[in-house]
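Breakdown of the fold
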Amino acid sequence: MTEHDLLGRQVGHFRIVDLLGVGGMGSVYAGFDERLQRRVALKALQQGMLDEASKARFLREARVLSQLKHPHICQIHDFLEGTDQDFLVLELIDGRNLKELIASRLDSAAKMRIARQLAEVLVVTHAKGIIHRDLKPANVMVTPEGEVKVLDFGLARAAVGHEDVTMARSDGASPAPGGFTNDVTRMGMVIGTLSYMSPEQARGEPVTTASDLFSYGLVLQELFTGRSAYQPGLAQADQLERAKAGETVPVTGLDADLTALINRLKDPAAAVRPTALDTVDWLDRIEATPHVRRRRMLAWGAAAILALVAIGMSYQTWRIKLQAQRIAEEASRANREAQSAKEVSEFLVNVFEVSDPGQSRGETVTARELLDKAARDIEGRLSDQPLVKARLELTLATVYKSLGLFDPALSLAGNSLDLRRKHLAATDPAVAESLRQLGNIRSLRGEHDQAVPLLRSAVEIEERALPESPALAATLNDLGVAERNQGKGADAERHYLRALQIYDKAAPPDVADVAEALGDLAYLYYTQAKYAQAEPLLLRAIAGLEKARGPNDPRLAVVLSQLGGVYRDQGKSALAEPLFLRSIGIQEKVLGPNHPFLALRLDGLARIYTDQERYAQAEALLLRAVAIEEKAVGANHVWLAQSLNNLALVYRDEGKLGAAEPLALRSLTIFEKARGPESIDTAAELVLLADLNLRNHKPDQAAPLFARALRIYDKTPPKDAYPRSLYVKALDLAGRSDEARIKAEQLRALGFGRRDFLELCRKLGVGAER
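Just so it is clear, the structure is predicted and the values come from calculations on it, not from any experiment.

To continue, consider the sheet that holds strand β9 (residues 148-150). Taken in spatial order, the three strands of this open sheet run β7-β8-β9, and their pairing is antiparallel. Only two strands of the sheet have a single neighbouring strand rather than two, namely β7 (96-97) and β9. With three bridges connecting them, strand β8 (residues 140-142) and β9 associate as antiparallel partners. Each residue of the ladder has a partner; that of Val140, found in β9, is Val150. Sheet contacts for helix α3 (residues 108-127): β8 and β9; angle to β9, the most-contacted strand, approximately 40°.

Encoded structure:
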């Protein structure tokens, strides 16, 4: 049956009246809905294109799209199943496709409007878990009013029905053996348009939302330059190879910001590409004039300080509402809060006077300068309003903590707790708030034994005063973090799960809070080498944080690096590296180049490079991490010890034993002091030192170090150990159980190789095979 044979045919209550076009997935007709008396488009899908499973999957996505009713998505009205052909009933769009419009030389304003509308479509569809998989100019219609309509959502995925490699030509003819088409290419479980396909899609790998962003980047390049992102005249086999590698024509002749955006979108590493939400924000910045950009940056800086202060005030407001039933106290509390508002306003006015050019040192003032001024001013003010002072001190402590400045944060949080304990009942939720923040800061300083009692006290107060509240869930989660860092995995897991239960009961639950709790639980599983449990939780956490807080959130950077750690420790460096790179990019952008959290991400990426024997790159990252940590967290912090350890491993593997040994000794000293002489980290460092001594032909010095390490591992429950230490423990048990052998193989990338470790045991005369 030819395309024209269907003209005049009745399909259900639709009459086919005209042929609109022929594509790789089927012909498109104009139809008339005789029931609703409206014109529609009918897409006749090629026979056999959808098997039952593919059809069901496609219909699920079609239902979600129908419910969206987004103005820039072609609406799906119905799906008709026939004996020899299926029909998709769509909104009939009056307009031209983007491929034609690009050739007609659009003005810059029209191009930017189209680019933004396309990005907005990806924001809403990706939030619903829908991936287009075949985004290209031919699938984008533009109405005479300049409104975008995106076509064919879901068809690319639904069209995949078997594992065979087949090809289809848009003219309906059979392709030559081994030939390719640039229109629709079906390869294994992949279908799409070759000249707009992401590298992972061309390689037959799983497709994600990042794949749509790559295709969108190619569309943008063509839209703004008028030329394809691929070299013209390429043989299709060559184009396929270039698509697999993400090798496209460089962007030229465009604004630097727009060029940077397109290059990020076209990055071969999926994790480096911006999200759709990030892309919309980037386009907004491109549209802004330099004057507007400067004004926005000043506004954002002031808003950030005010918002941080408001965060500290919001908890008190909520507490007041919660206790509104206490009528006897209401009048005095109202008066107190009115005075508090007045005092806070005067305090903020005084702080922000530093931005007056007559008082500041130059034309601009940084957020840090405002913060330091606020911290100085608070010491001598509000002596007659101790609770207002306590609230502001706690807010400033929170801001200092977020900047990685733990010493001033500790002092301010301690002052806040002292004031609240003095002027409030010991069971007041505000006391719990100060306890929680002080516990968090101590935990970040590596003082976990001091942090845990503070956080437990906060939990006890909130269990009575704020049962089943988000505040209690947040404190339980923080307690879990401190317990995990103590090596108490079972206690940490119990508190993480309780926090998630509380969040789930909230109506509606806070997406960001849930995502953070999922990330913390996942990291616990990661430290226990439970990768199959950690990975899906981390993926959920990433999606939740991107949705709730956008693509540049510092917490998102942490979770990205944790997922990178899961992949790295399973030997999947190709998946891990782009996640660490994206994480580092976010933290450098948001937190600056000297933040201790950035040092942790640099350390994580360096471990990948060490595994890949890219020692020069690993060394550079670790030297930078060590420099940041020495300045930011001090000479006795476990973060610094870990970076020193990893740098020692790099030097060991390079044969620079003289450089490695003092670093390992310094790391051991820190671990013994911070974690204790019987800790797993101490044991791991002892093993490294034993190995270095053996390589230096000092077996007599190596043997006692190694024997001490084995005694520590024998006392350590594997479930509470860190992955690197679990690995060594598993090797120690390798002769005793198949389970241990399996774990050893799973974790072989985390420390000493199996062969190296067993050889070390043999040379030292200690029993790893017992």
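So much for the structure itself; the text now carries on.
Under the definition given, this model contains four aromatic pairs. For the pair Phe406 and Trp639, a centre-to-centre distance of 6.3 Å together with 70° between the ring planes defines the contact as edge-to-face. You can see Phe406 sitting in helix α14 (residues 406-423) and its partner Trp639 sitting in helix α25 (residues 638-653), a full 233 residues away along the chain. Using a relative accessible area of 17% as the deciding quantity, one classes Trp639 as buried. Clustering of aromatic rings is evident, with ring pairs tying together Phe406, Phe597 and Trp639.

With that settled, the discussion passes to the packing of helix α8 (residues 256-265) against helix α9 (residues 276-287). α9 packs onto α8 with a crossing angle of 165° between their chain directions and a minimal axis gap of 10 Å. For the element pair α8 / α9, the angle class is roughly antiparallel. For the pair α8 and α9, the sense of crossing is left-handed. Taking contact as the criterion, the partners of Asp257, Leu258, Ala260, Leu261, Arg264 and Leu265 in α8 are, on α9, Thr279, Trp282, Leu283 and Ile286.

It is worth spelling out the layout of surface pockets at this point. Volume-wise, the second largest pocket comes out at about 1,300 Å³. Along the wall of the second largest pocket there are 36 residues; nearest its centre are Thr208, Thr209, Ala210, Leu539 and Glu546. Listed by contribution, the elements that provide at least two residues to the lining of the second largest pocket are α3, α6 (209-225), α9, α20 (531-549), α21 (554-569) and α22 (573-591). Class assignment for the residues of the lining of the second largest pocket results in 24 nonpolar, five polar and seven charged.

Counting across every chain of the model gives 36 salt bridges. Where Glu447 meets Arg445, a salt bridge forms, and the shortest distance between an N and an O atom there is 2.9 Å. Here Glu447 falls in the buried class, since its relative accessible area comes to 18%. Residue Arg445 is classed as partly exposed on the basis of its relative accessible area of 23%. The residue Glu463 makes a salt bridge to Arg498 at a minimum N-O spacing of 2.9 Å. In this pair, Glu463 sits in helix α16 (residues 448-465) while Arg498 sits in helix α18 (residues 489-505), placing the two residues 35 residues apart along the sequence. Accessibility expressed as a relative area gives 31% for Glu463, which makes it partly exposed.

Counting all residues, the mean pLDDT for the protein is 76, and 71% of those residues have values of 70 or more. When mean pLDDT is taken per element in the protein, α6 scores highest with 93 and strand β10 (residues 166-168) scores lowest with 27. Ignoring residues within four places in sequence, the model shows residues 718-758, a span with pLDDT below 50, making 98 contacts including any to other chains.

Let's shift gears to the packing of α18 against helix α19 (residues 511-527). Helix-helix packing is characterised by the crossing angle of the two axes and by the distance between the axes. Packing of α18 against α19 leaves a shortest axis separation of 10 Å and a crossing angle of 160°. Considered as vectors, α18 and α19 are oriented roughly antiparallel to each other. α19 is crossed by α18, and the crossing has left-handed handedness. For the pair α18 and α19, contact is made by Gly489, Ala492, Glu493, Tyr496, Leu497, Leu500 and Tyr503 and by Asp513, Val514, Ala517, Leu518, Asp520, Leu521, Leu524 and Tyr525, respectively.

Next up on the list: the pairing of strand β6 (residues 86-91). With five of its six residues buried, β6 lies for the most part within the structure. Relative to β6, strand β4 (residues 38-45) is paired through six bridges, and the arrangement is antiparallel. Note that in β6 the partner of Ala44 across the bridge is Phe87. Sheet topology places strand β5 (residues 76-81) next to β6; five bridges connect them, and they run antiparallel. Across the sheet, residue Ile76 finds its bridge partner in β6, namely Leu90.

Definitions and cut-offs
Residues numbered from 1 in each chain as written. Predicted model: local features only at pLDDT ≥ 70, side-chain atom pairs only at ≥ 80, totals over all residues. Heavy atoms only, no water. Pairing = 2+ DSSP bridges. Helix = DSSP H or I, 4+ residues; strand = E, 2+ residues; numbered from the N terminus. Contact = heavy atoms within 4.5 Å. Axes fitted to C-alpha atoms, helices over the stretch in contact; angles between N-to-C directions. Phe/Tyr/Trp six-rings, centres within 6.5 Å; stacked < 30°, edge-to-face > 60°. Buried < 20%, exposed > 50% of the residue type's maximum accessible area, 1.4 Å probe, protein only. Parallel < 35°, antiparallel > 145°, perpendicular 65-115°, else oblique. Left-handed = near helix turned anticlockwise from the far one by under 90°. 1 Å grid on protein atoms, 1.4 Å probe; cavity = no way out; pocket = protein on both sides within 12 Å on 5 of 7 lines; lining within 4 Å. Points joined across faces, edges and corners; volume = space filled by probe spheres on them. Nonpolar A, V, L, I, M, F, W, Y, C, P; charged D, E, K, R; others polar. Salt bridge = Lys/Arg side-chain N within 4 Å of Asp/Glu carboxyl O. pLDDT = per-residue confidence, 0-100.

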